[in-house]
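Secondary and tertiary structure notes
Chain by chain, the residues:
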Amino acid sequence: MTSPIFLHKYVRDLQFFLSIRRRNRCCRFTRYKYKSKEACRMESNAFRLRVWLFLSAGNETFERLASFGLMANFMVYLQSEYHMNQVKAATLLNTWSAASNFAPVIGAYVSDAFIGKFWTIAFGSFSSLLGMIIMTLTALLPQLRPPPCTHEGQLHGQCVGHNKAQLGILIASLCWLSIGTGGIKPCSIPFSVDQFDLTTEEGRKGNNSFYNLYYTTQTIVLLITQTVVVYIQNDISWAIGFGIPALCMLFAIVLFFVGTKVYIYIKPEGSVFAAVAQVLVAAYKKRQLNLPSDDGQFYIPPFSRSLLPELHLTRQYSCLNKAALIVGDEVKQDGLCENPWRLCSVQQVEDVKCLINIIPIWLTSVLGFLAMNQQGTFTVAQALKMDLQFGPSIKIPAGSVGVITLIAIAIWLPFYDRVVVAALEKVTKQEGGITLLQRIGIGNLFSILTMLVSGFLETERRLSALSHGGTDGIAPMTVMWLTPQLILIGFSEIFSIVGLIEFYNKQFPEHMRSIGNSLIYLTFSFASYASSIVISVVHDVSARHGSNWLSDDINTSKLDYFYFLIAGISSLNFLFFLFCARRYHYRSSVKLM
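Computed from a prediction, not measured in an experiment: that's the story for all the values here.

Another point: the side chain of Ser100. Structurally, Ser100 can be placed in helix α6 (residues 86-140). A polar atom in the side chain of Ser100 sits 2.9 Å from the side chain of Ser178. Residue contacts for Ser100: discarding those within four places in its chain leaves Ser178 and Thr181.

Okay, structure coming up:
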């Protein structure tokens, strides 16, 4: 928790910054807006970091508290209040998750091409608030959900199901939440990184630690939502449990707009997708030409002359270099190109090469996240059939078992960032201790190990439940037996997700940072779709052979077989990742022509 002394510093800096007169605004860097001469002289990276922590981080914290608080226990909500069976609830949850994680790609495009990060976040915040209000109404108004049903009725499938109108309102709220995610997720990290002054050593160090700090705060928020919020939803009221995140979202919006005069704004630079298409078309039109050895024959716009050392063409994918080759009178007297579909800049060509390099790594991460998807659905189903009593008077909500993962992340991630990385850097002499791809690969190994351990633990849990023979089907095993698999998936997230976030943000050019950051959510989207497909295929195929692996009764199903299958798929994917990682060239390591 922030101490009063540090909070006083944030308030003091904020008051100073807001006191600067509007008429003195003059930017030190032409790409920035709303910075006065006095602010430019007084600013330091420590000052910028404190202002960001007070406003931007505060907004993100409350936004995440709202979104995670709404969805932390959603699987239980669908089964208990909408009377959905396990497969249907998991499919709906995976489909919504996939749509929410695909939306950031659209949001990143809108941000980079049209309105910028700030207004994209603002629009997404209001959309999320609307979705949360509708979701709260489904819990508050009885006519918006099926009639109540007893626990025995749910066990025997005797509950009245939802109608089309009730399902439609529920899906409408999820759609607004997905739109909000599309606006917030791709821009929150890049917008925060914009606040660092990367021209200073302190700013670069702060940026390197930012990704671990970001995920640590996210973990703390998840820890709150899966304990306090889940307790309110299960034991007090679903309406109050959904209403609290909605209020947090409202407060996040207010806090976000308070900092409008403090933030650094970077203007959108046009569509990245159009620039990529122009390079491919121009290279194809000039495919018959031979490449010269002189760099001077390649096109660099006049405004990029000062950045010439950074704009050399690389030898990698040299066929694309023809797109920047000047032929005839393709350049006008003012230095601009005559037709952008026949002549592209050196920077455009290098940006496309960056995308081509990253795509294989991105593809491997899709199947690498399959293990994480199962922890939010079937792990809860396992917990529901285990002894949830913790001590003489505490009963753990099934939706809160993920807290174990969050505790593991909250403890290990700061230790890794401050202790392990420093020790590794002394040994490897490399920034970060290990490469980004090595970190991602370690995360993939942990995901495989997670599924193997999950399978063995599920075998023991099912045998215990069947041998016990209780009418409720609950195994005489404490839910804490799930701790090993939950800790392992936490380690997988630390290495895979944080590694990918840092990888995309560092390997993409600055003006493509929103697109790069959206790839992590596109990965989640495709992983959710892949998980839904695998669940449906396994459910249908195993049912036809008389032994349903994913039946409604988890004690008669073969969930352990399903876990082993995911482990096998993840192992094959890891081999493909190793192949792609060995062929990858970091931006700083490619050879120049």
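The predicted model of the chain has a mean per-residue pLDDT of 77, with 78% of residues at 70 or higher. The model gives residues 305-309 a pLDDT under 50, and that stretch makes two contacts with residues more than four places away or in other chains.

Let us look at helix α11 (residues 272-285). A rise of 1.5 Å per residue sets the reference length of α11, with its 14 residues, at 20 Å; its end C-alpha atoms lie 20 Å apart and thus fit the reference within 8%. Within α11, burial applies to Val272, Val276, Gln278, Val279, Ala282 and Ala283. Buried residues of α11, viewed axially, fall in a sector of 155°; they line one side.

On to a nonpolar patch on the surface, then. Together, Phe102, Ile106, Phe526 and Tyr529 give the surface a local cluster of nonpolar side chains, amounting to about 360 Å² of exposed area. For the nonpolar patch, the elements supplying multiple residues, two or more each, are α6 and α18 (513-544). For Phe526, the position within the fold is in helix α18. A relative accessible area of 33% means that Phe526 is categorised as partly exposed.

Take the pattern of salt bridges next. Following the criterion strictly, the structure yields seven salt bridges and no others. Taking the shortest distance from any N to any O, the salt bridge between Arg145 and Glu81 comes out at 3.4 Å. Highlighted residues: Arg145 in the loop between α6 and α7 (151-155) and Glu81 in helix α5 (residues 74-81), separated in sequence by 64 residues. Among the ionic pairs, Arg462 bridges to Asp560, the shortest N-O distance being 3.0 Å. Taken together, the residues Arg462 in helix α16 (residues 436-468) and Asp560 in helix α19 (residues 559-583) connect sequence positions 98 residues apart. Taken together, the salt bridges that share partners define one network made up of Lys286, Glu330 and Arg342.

Basis of the calculations
Residues numbered from 1 in each chain as written. Predicted model: local features only at pLDDT ≥ 70, side-chain atom pairs only at ≥ 80, totals over all residues. Heavy atoms only, no water. Helix = DSSP H or I, 4+ residues; strand = E, 2+ residues; numbered from the N terminus. Polar contact = N/O pair within 3.5 Å; in protein donor to acceptor, adjacent residues only side chain to side chain. Contact = heavy atoms within 4.5 Å. pLDDT = per-residue confidence, 0-100. Expected span 1.5 Å × (residues − 1). Buried < 20%, exposed > 50% of the residue type's maximum accessible area, 1.4 Å probe, protein only. Arc of directions from axis to C-beta. Patch = residues over 30% accessible without salt bridge, like charges linked within 9 Å, V, L, I, M, F, W, Y side chains within 5 Å. Areas by Shrake-Rupley, 256 points an atom, 1.4 Å probe, with all protein chains shown as cover. Salt bridge = Lys/Arg side-chain N within 4 Å of Asp/Glu carboxyl O.

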